[in-house]
Number of protein chains: 2
Amino acid sequence: MTLGVREHVQESSRADILEAAASCFMERGYTETSIDDVARSLGATKGRIYHHFRSKADIFAEVFRVGMEMNYAAIEPYRAMSDPVARWRHMAFAHAIQMITTKPFQRTVWVGVKMHLRGATTPEQRSVFAELIEYRTNYGNVFRETLVEGRESGDFRFDDLSIANQLMFVVLNSPIFWYSPRVGETRADIEDLARKVVTAAYRGLGGKEEQSTP
Amino acid sequence: MTLGVREHVQESSRADILEAAASCFMERGYTETSIDDVARSLGATKGRIYHHFRSKADIFAEVFRVGMEMNYAAIEPYRAMSDPVARWRHMAFAHAIQMITTKPFQRTVWVGVKMHLRGATTPEQRSVFAELIEYRTNYGNVFRETLVEGRESGDFRFDDLSIANQLMFVVLNSPIFWYSPRVGETRADIEDLARKVVTAAYRGLGGKEEQSTP
């Protein structure tokens, strides 16, 4: 089951602001998004936003944090599975579902990572960012460790762990760039899409045989 | 062999401007890049740039066009190969090399596609963009047709052509996001990297057995 923003943000007016902000960051990036844009897309006043957040940077950090928190929650039920391939399949599927169903948050995470990589953060932002990036790195490491175990068990075949992990995330994350909801789309359609993404990633890792459906 | 910017842009001062602009667009995106930024990174005057280009939009379109032109040139020698898998391997390898060696141009193409998709172009830009996007779509179709043939010959196994093609490009294009040159890097290192990318993409398509080196 995927937990939504509401389960992660107690106060509903805060959640509304984060959802609106995530969509703005997704569409325009960080610099080109203003508090005015967020207020406008909510049909709210700037005052209402400043009641909950001190600055655009604060909102951005919170969207990033909630985005990652939802991802952690989505993979949590599978982390203790002993078989690395079964664990990988379930985590990868949960991750792909997240990329589809919480796309604006995940695109904002991606915007944040890009800003961090090119050093486009202010000194004050830097320490907040460092924590967020670490939070995301640790999430990535959960998968990375699973790849190591899966290679040791002979289920995955790849030479270079970093590149394999990189390319795996490139595939699993890709719906944040190309997914857009279709009219009449059902949960089953979304799961079907996620399954295709997971299959491509699994094969890319040199997975031995076709996976079964998680 | 990969042809560089110099082979595609006759006049060397024009090529200099395009290279500097591609790096600016890669780092800052379209909106945040000014002609001043491009001039500064070249150590040139704005006048020198306006001698060659009318506007930022013109430079951007030209970086996009040259980026795609280099890609077409890179795959050209292989397009007539009759075996679809061999053709795919050679084209995919040439494409991956392009993503690595002409990264600023390819990132600019990607910025352009994103702008187009979210309608962030002015009316005047729209017709120029429509042509560029079509130029890129046709390039993508060369691969897409190869996938169709490879599936018919039983070499590739996937259900959904559009998703398979999408995920394949996600992998092949990914160096534009994660590649950065290392000190002392050789041509062989770059080819090794491109090979790993091609292997992951090939496997993702359900390619039958490990590919040989193109």
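Calculation notes
- Residues numbered from 1 in each chain as written.
- Chains lettered and ligands numbered in written order.
- Predicted model: local features only at pLDDT ≥ 70, side-chain atom pairs only at ≥ 80, totals over all residues.
- Heavy atoms only, no water.
- Helix = DSSP H or I, 4+ residues; strand = E, 2+ residues; numbered from the N terminus.
- Buried < 20%, exposed > 50% of the residue type's maximum accessible area, 1.4 Å probe, protein only.
- UniProt positions renumbered as here; feature names shortened; annotations may be inferred.
- Phe/Tyr/Trp six-rings, centres within 6.5 Å; stacked < 30°, edge-to-face > 60°.
- Salt bridge = Lys/Arg side-chain N within 4 Å of Asp/Glu carboxyl O.
- Least-squares fit on C-alpha atoms with pLDDT ≥ 70 in both.
- Contact = heavy atoms within 4.5 Å.
- Buried area = accessible area lost by both parts, 1.4 Å probe.
- Polar contact = N/O pair within 3.5 Å; in protein donor to acceptor, adjacent residues only side chain to side chain.
- Nonpolar A, V, L, I, M, F, W, Y, C, P; charged D, E, K, R; others polar.

Draft legend 1. Region of the structure containing the overall build of chain A. Helix and strand content of chain A: 11 helices and zero strands. Along its sequence from the N terminus, chain A presents helices and strands in the succession α-α-α-α-α-α-α-α-α-α-α. With respect to the principal axes defined by its C-alpha atoms, chain A has extents near 55 × 45 × 25 Å. The buried share of chain A, taken over its 214 residues, is 53%.

Draft legend 2. Focus on the UniProt feature "domain: HTH tetR-type" (unreviewed entry) in chain A. Sites flagged by UniProt as "domain: HTH tetR-type" (unreviewed entry) map to residues 11-71 of chain A. Secondary structure content for residues 11-71 of chain A is 79% helix and 0% strand, while the C-alpha to C-alpha distance between its ends is 20 Å.

Draft legend 3. Quick peek at the packing of aromatic side chains. Enumeration over the complete set of coordinates arrives at 28 aromatic pairs over all chains. Pairing A:Phe177 with B:Trp110 gives two aromatic rings, centres 5.7 Å apart and planes at 80 degrees, and the pair type is edge-to-face. Within this pair, whereas A:Phe177 is found in helix α10 (residues 175-178), its partner B:Trp110 is found in helix α7 (residues 103-117), the two belonging to separate chains. In this structure B:Trp110 comes out as buried when scored by relative accessible area, which is 16%. Where B:Phe25 meets B:Phe60, the ring centres are 4.9 Å apart and the plane angle is 90 degrees; that geometry is what we call edge-to-face. On the criterion of sequence distance, the pair formed by B:Phe25 in helix α2 (residues 12-28) and B:Phe60 in helix α5 (residues 56-75) is long-range, its members being 35 residues apart. Residues B:Phe25 and B:Phe60 agree in their burial class; the two are buried. Through successive ring pairs, a cluster of aromatic residues spans A:Tyr72, A:Tyr135, A:Tyr139, A:Phe143 and A:Phe169.

Draft legend 4. Region of interest: the UniProt feature "DNA-binding region" (unreviewed entry) in chain A. Taking the UniProt record as the reference, the feature "DNA-binding region" (unreviewed entry) is found at residues 34-53 of chain A. Helix makes up 75% of residues 34-53 of chain A and strand 0%, whereas the separation of the span's terminal C-alpha atoms amounts to 13 Å.

Draft legend 5. Representation of the pattern of salt bridges. All names here are of chain A. Tallied over the full model, the rule gives 24 salt bridges over all chains. For the salt bridge of aspartate 155 with lysine 208, the shortest nitrogen-to-oxygen distance reads 4.0 Å. Of this pair, aspartate 155 sits in the loop between α8 (123-152) and α9 (161-173) while lysine 208 sits in the segment after α11 (187-204), placing them 53 residues apart in sequence. Aspartate 155 gets classed as buried once you look at its relative accessible area, which sits at 19%. The network of salt bridges with shared partners includes Arg14, Glu62, Arg65 and Glu69.

Draft legend 6. A look at the relation of the copies chain A and chain B. Superposition record for chain A on chain B: RMSD 0.0 Å, screw rotation 180 degrees, translation along axis 0.0 Å. Taken together, the rotation angle and the small translation identify this as a two-fold axis. When the interface residues of chain A are mapped onto chain B, 100% of them are again interface residues, pointing to one common binding face.

Draft legend 7. Expanded view of the interface of chain A and chain B. Each partner contributes residues to the interface: chain A has 27 residues there, and chain B has 27 residues. Buried area between chain A and chain B, summed over both chains or domains, comes out near 2300 Å², and the portion from carbon and sulfur atoms is 64%. Considering only the surface of chain A that becomes buried against chain B, A:Leu167, A:Lys196 and A:Arg203 emerge as the three largest contributors, covering 25% of it. Remark: the boundary between chain A and chain B carries zero salt bridges. Our count for the contact surface shared by chain A and chain B stands at six residue pairs in polar contact (both at pLDDT 80 or more). Element by element, the count of residues in the side of chain A that touches chain B is highest for α11(A), at six residues. The class makeup of the residues in the side of chain A that touches chain B is 11 nonpolar, five polar and 11 charged.

Draft legend 8. The arrangement of the environment of B:Phe143 in detail. Residue and element names in this part refer to chain B. Structurally, phenylalanine 143 can be placed in helix α8 (residues 123-152). With a relative accessible area of 0%, phenylalanine 143 lands in the buried category. Distance from phenylalanine 143 to isoleucine 75, taken between C-alpha atoms, is 9.9 Å for residues 68 residues apart in sequence. Not counting chain neighbours up to four residues away, the residues in contact with phenylalanine 143 comprise Ile75, Trp88, Met91, Ala92, His95, Asn165, Met168, Phe169 and Leu172.

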